[in-house]
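Remarks on the overall topology
Each chain is listed here by its residues.
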Amino acid sequence: MLTAIRYFYLLRPIWAVLIALFVGSGLILIAGVSPITAYVELFKGAFLDYWGLAGTLVKTSPILLAGLAVILPLRAGLLNIGAEGQIYMGGLFSAMAALLLPEMSALILVPICVLAGALGGGLWGLIPGYLKAYHGMNEVILTILLNFIAINIVSYVAGGPMMQEGAPYPYSEEIRQELWLPWIMNGTDAHAGVIVGVALAMVMFFVLKYSTIGFALDTIGKNATAAQYAGVPVKPYIVGVMFAAGALGGLAGTFEVLGLKYRLYHHFSPGYGFDGIVVAFLASVNPLIAPIAAFFLSGLKAGALVMQRAVGLESTVIEAIQGLVIIFVAASLGFKYNATKWSQFLLRRRKLDAEVGDTFAKTPKGDE
Amino acid sequence: MSELVLKLDGIAKLFGDFRALDGVHMEIERGSIHAILGENGAGKTTLMNILFGLYQPEEGEISLNGKVTKIPSPRIAMEMGIGMIHQHFMLVDTLTVAENVALGLPDQGAKLDLGRIVKRLAELSEEYQFDIDPHEEVWKLPIGMRQRVEILKVLFRDADIIILDEPTSVLAPNEISNFLDGMARLRAAGKTVIFITHKLDEVEAIADNVTIMQHGKVSAEVRVVESDAREMARLMVGREIVHDVVDRGDQKPGDIVLKASGLRARDNRGIEALKGVSLEIRAGEVLGIAGVDGNGQAELSEVITGLLDPEAGTITVDGEDITHKSVYARRHTHHVSYVPEDRHHTGLVLDFSIAQNSMLRDFRIPPFSRKGVINTSKVREKAKDWVDRYDVRMRNIDQHVRFLSGGNQQKLIFAREVECDPRVLVVMQPCKGLDVGAIEAVQRTVMAERANCKAVLYISTELEHIMTVADRIAVMCAGEITGILTPDEVTDERIGALMGGIKEEGVA
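Analysis parameters
Residues numbered from 1 in each chain as written. Chains lettered and ligands numbered in written order. Predicted model: local features only at pLDDT ≥ 70, side-chain atom pairs only at ≥ 80, totals over all residues. Heavy atoms only, no water. Buried < 20%, exposed > 50% of the residue type's maximum accessible area, 1.4 Å probe, protein only. Helix = DSSP H or I, 4+ residues; strand = E, 2+ residues; numbered from the N terminus. Pairing = 2+ DSSP bridges. Right-handed = clockwise from strand over helix to strand, strands pointing away. Contact = heavy atoms within 4.5 Å. Buried area = accessible area lost by both parts, 1.4 Å probe. Salt bridge = Lys/Arg side-chain N within 4 Å of Asp/Glu carboxyl O. Polar contact = N/O pair within 3.5 Å; in protein donor to acceptor, adjacent residues only side chain to side chain. Expected span 1.5 Å × (residues − 1). Arc of directions from axis to C-beta. Domains from an automatic or database assignment.

Okay, the pairing of strand β20 (residues 455-459) of chain B next. Residues and elements named next belong to chain B. Most of β20 is tucked away: five of the five residues are buried. Residue alternation in β20 divides its side chains into two sets, Ala455, Leu457 and Ile459 and Val456 and Tyr458, and both sets are buried. Relative to β20, strand β13 (residues 285-290) is paired through five bridges, and the arrangement is parallel. The residue of β20 that forms the bridge with Val286 is Val456. Pairing of strand β19 (residues 424-428) with β20 involves five bridges; the strand directions are parallel. Across the sheet, residue Leu425 finds its bridge partner in β20, namely Val456. Handedness of the crossover joining β19 and β20 through helix α15 (residues 436-451) is recorded here as right-handed.

If you look at the interface, chain A gives 18 residues, while chain B gives 29 residues. Taken together, the two surfaces of chain A and chain B that pack against each other cover about 1,900 Å², and 66% of this comes from carbon and sulfur. Between the two partners, chain A and chain B, sit zero salt bridges. Between chain A and chain B we count ten residue pairs in polar contact (both at pLDDT 80 or more) in total.

As a further point, take helix α3 (residues 35-48) of chain A. Residue and element names in this part refer to chain A. Between its first and last C-alpha, α3 extends 18 Å over 14 residues, near the 20 Å set by a 1.5 Å rise per residue. Within α3, the full set of buried residues consists of Pro35, Ala38, Tyr39, Leu42, Gly45 and Ala46. Projected down its long axis, α3 shows its buried positions confined to an angular sector of 140°, all on one face. For α3, the exposed residues set more than 90 degrees away from the buried face come down to Ile36 and Leu48. Buried residues along α3 sit against α2 (12-30), α4 (50-75), α13 (290-311) and α14 (315-332).

Further remarks concern the domain arrangement of chain B. Residues and elements named next belong to chain B. Structurally, chain B comprises domain 1 (4-237), domain 2 (242-335 + 421-508) and domain 3 (349-420). Averaged C-alpha coordinates put domain 2 and domain 3 at centres separated by 26 Å. Carbon and sulfur atoms make up 64% of the area that domain 2 and domain 3 hide from each other, which totals about 1,300 Å². Linking domain 2 with domain 3 are one salt bridge. With a closest N to O distance of 3.4 Å, Arg331 and Glu417 form a salt bridge. On the surface where domain 2 and domain 3 come into contact, there are seven residue pairs in polar contact (both at pLDDT 80 or more).

The structure is reproduced here in structure tokens:
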């Protein structure tokens, strides 16, 4: 019985999503559409249709990587709201490497571009990490503010020094085709970024679960004093984990540029960094679940467009439903499984059953 | 005899079944300085919290100015003219002195009239020669001045009875004499001052009367002029000291393992907590550190284990200087183990399992991990072995340590810190909150380490526990070691005097 209750708790993000969709169906009803048709269209368009699935995977790449960029520092108790900025810096650095470096073999240049993007994002994570560790500043505020700086640096570069001549709005020259990421579905935009993301999620899972680094991070996150007592160099770890997180965000931006846009656009990310926070919570901070969570969230986004076309529902409705999903999942995480409480509850139930049974058994005797 | 301002009769306070205060009787004269002297856990602070309305006594009555009364809350206490200054100041650092005084002041109306407050504060500061500028921001003031701000706060509220909880524990030595002068001026102005302390010299220097408490009871109430420090020390410790019940064998201590000299350090509030502490521990020797809580013991353990950087002094283990080594190096190169005072926040990660907590100290070295990969099965094997041998009662090793009792948590920490075969074992307050059985287990472990030729530093406020395990007993007071005794030399009078800060002749 207790294990059943434990699994029920473990799956709470799923219950939360179901409840959110149920509440959302009320909104769809008000908009004058049948919720069942709407949801069927949504899920068909997002997951069951070749082109729709490709569209979902295109979004999964940055959302998953941004999710990992949030999950990793969260294990050490740090909230990285800066994945968005890290995406922009990653895009900027990789685009600069692709466009400005001298011509060389794609076999060499593609890894350089990818590493440059990771480095750009990493630096954008390193700054708040250093200020947090050595000057006690709040990483939440720092990462939020650094987002604006990164977004505007990219707008400046894409609209200034690197802007293509005669472009109607800020974007750079196109990147040579040899440097583009390979596609994974014929004839669609779906690119290899999502595969790298899933691979990194696996790696992160094993590192967090089986390595001393993962154990040290979890110790810092759960009890920093104890980590210090155990001899873990807490400050360097904070800097390091924020750099790694930034690098993951940077990769998200890199793959957007090299895999989808092929240019550095201003405002090229529609808030994927913030979707990463949602993914982290949907996945209960577990990198193994992160790909599923990212895939689901991307599906909602991609399917929204299909649904809008198919049943004429405003896309604002689906945005409201996304908001509901986030709120319900976040709230569901507040319900913590408490073994003692539940076992006591079950014990009381058994006692009550026994009592009631006894009373029934005794009643006839009393009559005699 | 002058008029009584406050009289306590038969006061008892229960926490569950525990009688923190038991039939306390006390008489305090108007316009006197009344010290309350006692060791940790004697009930001093509980008693003062009752006077300030923070706790309600279960039994007994309080008479204020000859009338029996109840003190239901601090607010009412203040209306009655009782003010309390806590050991840790209740000031907002970024506000000015005047603003701090205005905070929570009753009957202010909607408009903040700082001008009136500043004027009155300046007068009060003048009257008591406190030398406080009402416009100064509190964070700019040294600790001694902040204490005066606290006193001004209660004077501003027209307090007649001023209670101070361990007022000198936060002060630097040069600030203490100023503080004592301030007390005298308060007395001259007709105020009644009650202060809690364990320092005998202060009692002798300033107090008129002293109530000595022990285990929730009043052991004596004396006039200071009719007593002396020796007698007060005896009354404070006041019990048959049990001599050496453990068989020590004929083991002779070996070479010096841990040597600390001239250690100086500040605590996290920037107050000097260690003022030149030197000590040596030999292999197979237990050095006990006795003393009232908060006299630098915590900082001493942290400086030795690397959690706090000393400002001066050196620490060596087996002749190697470790003063500036990292915690990691101390633990793995120099084999220093540490059982910290705070099990919940330092020694364990409550939301980790027993197995995870077992590897907390050594997870980066074999056999727990190799090349950065944790060997989970080895960890579990070790954890199982330890919980068996150290008798940690639990459901299984995947249980979070949060759900273990204090004694079982402590056994797990001891297993971890001892099984790694350390050279030096630092143990801080290991028996706090444990039952008799667990205390015995802890002491057995310590004695086993002694027999294994380890150097053990055993810090505790429980004199009996130290007497049981220690070969030598160093007593700390106000950041210094005031004396080192062997258990045979310990008398309640001598140790009481050392705990009260009275150094013995010929002690370094």
